[in-house]
Amino acid sequence: MTDEARGLPLAISRAEQTFPRLTPAQIRRIAAHGHSRRVQSGEVLLEPRGSGASFFVVVSGELEVIRPSRAEETVVAVFGPGQFTGEVNTLSGRPMFFKLRATKPGELIELDREHVLALVQTDAELGEILMRAFILRRVELVAAGVGNVVLVGSSNSASTLRIKEFLMRNSQPYSYIDVERDPAVQNLLDSFHIAASEIPVVICRGELVLRNPTNQQLADCLGFNETVDASQIRDLVVVGAGPSGLAAAVYGASEGLGVLVLETNAPGGQAGSSSSIENYLGFPTGISGQELAGRAYTQAQKFGAQMLIASGARLACDRKPYVVEVDNGAKIPARTVVIATGAQYRKLPLENLSRFEGAGVYYGATYVEAQLCSGEEVIVVGGGNSAGQAAVFLAKTTERVHLLVRSAGLAETMSRYLIRRIEATPTIVLWPYTEIVALEGDDHLESVQWRNSRTGQVEKRKIRHLFLMTGAVPNTHWLNDCVALDAKGFVKTGPDLSPEDLTAAHWPLARPPYLLETSVPGVFAVGDVRRGSVKRVAAAVGDGSIAISFVHEVLQE
Ligand SMILES: Cc1cc2nc3c(=O)[nH]c(=O)nc-3n(C[C@H](O)[C@H](O)[C@H](O)COP(=O)(O)OP(=O)(O)OC[C@H]3O[C@@H](n4cnc5c(N)ncnc54)[C@H](O)[C@@H]3O)c2cc1C
């Protein structure tokens, strides 16, 4: 039987998916999770800074979603009978961007966050409709830059790039004003008494002005961490929200564990900086790391996992429950811990490198960086897959990509499909036996010198954009010597732990460590941070999911 014969539409339009109208039967199923509420015209149901918990279905009447600003109110959506409110903050409980007001008297069904979560977890059909609408609404807000954040920055500033990436990778819609390009910006700065020297500036929720804020300050201002009770003992604390940590969160939460994820920056980890992952199972046309991470994060939230934007600063493993101390001083108790802190980019040994980070030197090639160097020449350093992907991606929008490798070529380090694509792209030029020896410029990188290690010849090129994709070192400095590491700092687990390692760690149990378990019982390591791991998204996701089966075993011991 065809879809048409069953009465199903062949294709639902994007607008219908974003603002669907529920059937009476679907509304009755939602009503079983909530309560009925009558509203009067003009009644305000949600304020912009209030928690995003409440969710409404319109039975009769009409609701409007308003974007408040200093000058005026703008209506961004109207919901009639059969339609429902909400977007991804409804699941996370983070504060709403908008005001919600009734424009006609009517009847609503109201659900709090817990009941919305119960609904999406238990009713597959409604779960799909709600999740899809929430995600599409957020995608539209991000694309339109409609949110409660205005970033006033400069395209020459590393902090501006950092803040843009933090907002983008947390799917936080924002408007951007570039002081270099927009002459009207002075009025805005004057209205908030900001000197030009204080940029980048973030105007948060239309009122709070943050001058060059840290990621933590931004997260606090946007209420990212507001709904998380850090003092509660969790079955599982996952440190790091790259692919491995997100997988542990999805599997853990979906199997009934109380899960808290700590993340320094934003969901996605290294994969989040990939413009297109083409070898992850099930995505034949590729998926950007940002999109994969966004979906995984929403999936983890759907099952009830929570996330705290904060850095794990110290692991206290000499007591039970274990305690993960975070950089803002909070101490989070955990029955089990999954270390999923991955790795960070290796840097070049150049004295003035940090001066140009974000101002010509980049460690990821996403749409943000691609916009900065559109139409110009760029350099990509590295012979691995991440360098290959960056080169192919940047070749689409730049004049020329110079791919620098220290070795003779790419064959030993890069996947064959990428090598073929590079060979087929005439604007990518491969420079073997070549390394960067100097960077020059004032506020922004202006030129680069590279040397051929065979001939010793040094060349100077006026190139303003340098992408360093030269591999990574493990993020294990925060582990406080709790768990056994190998000589390079990767965490040893399961069969990698020798009898000597276990004796030195005072392993207290009769059983040996489980697969992925460290030298401390109930503390696991997954993904790139683990010794011997395969540095791939699928491997990281596999590790995260496997660890959960052993977390259950430990919780029952
Ligand atoms: C540009 C690029 C492209 C890639 N493309 C592909 C590809 O196409 N296919 C493929 O299979 N693989 C690809 N990879 C490799 C893949 O991304 C990694 O193997 C994978 O991301 C590892 O996942 P992970 O969760 O173990 O660690 P990571 O992705 O490194 O994530 C670790 C997370 O932990 C956080 N963190 C670190 N320290 C702390 C702390 N103390 N407290 C709290 N949080 C912390 C970090 O901010 C980060 O978000 C690519 C990598 C890069 C860099």
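Residues numbered from 1 in each chain as written. Predicted model: local features only at pLDDT ≥ 70, side-chain atom pairs only at ≥ 80, totals over all residues. Heavy atoms only, no water.

## A few points about the site of the ligand
- Taken together, 36 residues lie near the ligand, and Ser244, Glu263, Gln270, Gly312 and Gln389 sit nearest.
- Residue Gln270 places a side-chain N or O atom 2.8 Å away from an oxygen atom belonging to the ligand.
- The backbone of Arg536 places a nitrogen or oxygen atom 3.2 Å from an oxygen atom of the ligand.
- Across the complex, the protein chains shield 92% of the 1,000 Å² of accessible surface that the ligand would expose by itself.
- Along the lines of polarity and charge, the residues of the shell around the ligand split into 15 nonpolar, 17 polar and 4 charged. (Near = heavy atom within 4 Å. Polar contact = N/O pair within 3.5 Å; in protein donor to acceptor, adjacent residues only side chain to side chain. Areas by Shrake-Rupley, 256 points an atom, 1.4 Å probe, with all protein chains shown as cover. Nonpolar A, V, L, I, M, F, W, Y, C, P; charged D, E, K, R; others polar.)

## Section: the state of the cysteines
- Inspection of the entire model under this criterion finds 2 disulfides.
- Each sulfur in the disulfide pair Cys204 and Cys221 lies 1.8 Å from the other. With the S-S bond torsion at -125°, the cross-link from Cys204 to Cys221 turns out left-handed. In this pair, Cys204 sits in strand S8 (residues 201-204) while Cys221 sits in helix H8 (residues 215-221), placing the two residues 17 residues apart along the sequence. Here Cys204 matches Cys221 in class, with each residue buried.
- Two residues share a disulfide in this structure: Cys317 and Cys482, whose sulfurs sit 2.0 Å from each other. Residues Cys317 and Cys482 are joined through a disulfide that is left-handed, its torsion about the S-S bond being -110°. Of the two residues, Cys317 sits in the loop between strand S13 (312-316) and strand S14 (322-326) while Cys482 sits in the loop between strand S25 (472-474) and helix H15 (499-504), which places them 165 residues apart along the sequence.
- Numbered in order of appearance, the disulfide-bonded cysteines of the protein are paired 1-2, 3-4. (Disulfide = S-S within 2.5 Å. Helix = DSSP H or I, 4+ residues; strand = E, 2+ residues; numbered from the N terminus. Buried < 20%, exposed > 50% of the residue type's maximum accessible area, 1.4 Å probe, protein only.)

## A word on the side chain of Ser54
- Note that Ser54 resides in the loop between strand S2 (44-46) and strand S3 (55-68).
- Accessibility expressed as a relative area gives 17% for Ser54, which makes it buried.
- In this structure the side chain of Ser54 is engaged in a polar contact, spanning 3.2 Å, whose partner is the side chain of Glu110.
- Excluding residues within four positions of it along the chain, Ser54 makes contact with Leu46, Thr90, Glu110 and Leu111. (Contact = heavy atoms within 4.5 Å.)

## Focus on the packing of aromatic side chains
- Inspection of the entire model under this criterion finds 9 aromatic pairs.
- An aromatic cluster of three or more residues is present, and its members are Phe55, Phe84 and Phe134. (Phe/Tyr/Trp six-rings, centres within 6.5 Å; stacked < 30°, edge-to-face > 60°.)

## Things to note about the packing of helix H9 (residues 243-254) against helix H16 (residues 537-556)
- Relative to each other, H9 and H16 sit at 35°, their axes nearing to 7 Å. Read as a crossing pair, H9 and H16 show a hand that is right-handed. In contact with Pro243, Ser244, Ala247, Ala248, Tyr251 and Gly252 of H9, H16 contributes Val537, Ala540, Val541, Gly544, Ser545 and Ile548.
- Tallied by class, residues from the contact of H9 with H16 come to 8 nonpolar, 4 polar and no charged. (Axes fitted to C-alpha atoms, helices over the stretch in contact; angles between N-to-C directions. Left-handed = near helix turned anticlockwise from the far one by under 90°.)

## Here we look at the sheet that holds strand S24 (residues 466-468)
- As summarised here, the arrangement of the 5 strands in space is S17-S24-S18-S19-S20, forming an open sheet in which the pairing is parallel. Single-partner strands in this sheet number two, and they are strand S17 (361-362) and strand S20 (428-431).
- With 3 bridges joining them, strand S18 (residues 377-381) and S24 adopt parallel strand pairing. What sits directly across from Val380, in S24, is Phe467.
- Packing of helix H13 (residues 385-395) onto the sheet brings it into contact with S18, strand S19 (400-404), S20 and S24, and relative to S18 it is tilted by some 170°. (Pairing = 2+ DSSP bridges.)

## Describing the environment of Lys302
- If you trace the backbone, Lys302 turns up in helix H10 (residues 289-302).
- Sequence-wise, Lys302 and Ser159 are 143 residues apart; in three dimensions their C-alpha atoms are separated by 33 Å.

## Focus on the packing of H9 against H10
- Here H9 crosses H10 at 25°, and the two axes come no closer than 8 Å. Relative to H10, H9 is oriented roughly parallel. Seen along the crossing, H9 lies across H10 with a hand that is left-handed. Facing Leu246, Ala249, Val250 and Ala253 of H9, the residues of H10 in contact are Ala293, Ala296, Tyr297, Gln299 and Ala300.
- Of the residues assigned to the contact of H9 with H10, the class counts are 8 nonpolar, 1 polar and no charged. (Parallel < 35°, antiparallel > 145°, perpendicular 65-115°, else oblique.)

## Notes on the nonpolar core
- Ranked by size, the top nonpolar core spans 43 residues in total, and within it Val202, Val238, Val259, Val338 and Phe524 carry the most contacts.
- When near neighbours in sequence (up to four residues on either side) are disregarded, Val338 contacts Leu236, Val237, Val238, Val239, Ala248, Phe524, Val526 and Val551.
- Ranked by size, the runner-up nonpolar core spans 26 residues in total, among them Val378, Ala390, Val405 and Ile422. (Core = buried A, V, L, I, M, F, W, Y, C linked by side-chain atoms within 4.5 Å.)

## Some words on the side chain of Ser157
- Positionally, Ser157 belongs in the loop between strand S6 (149-153) and helix H6 (158-169).
- The class of Ser157 is buried, set by a relative accessible area of 18%.
- Other than its neighbours up to four places away in sequence, Ser157 contacts Pro200 and Gly358.

## What about the environment of Leu350?
- Secondary-structure assignment places Leu350 in the loop between strand S16 (343-345) and helix H11 (353-356).
- In the structure, Leu350 is positioned 173 residues away from Ile177 in sequence and 32 Å away in space, judged by C-alpha atoms.
- Every residue in contact with Leu350, bar those within four places of it in the chain, is listed here: Ile436, Val437, Ala438 and Leu439.

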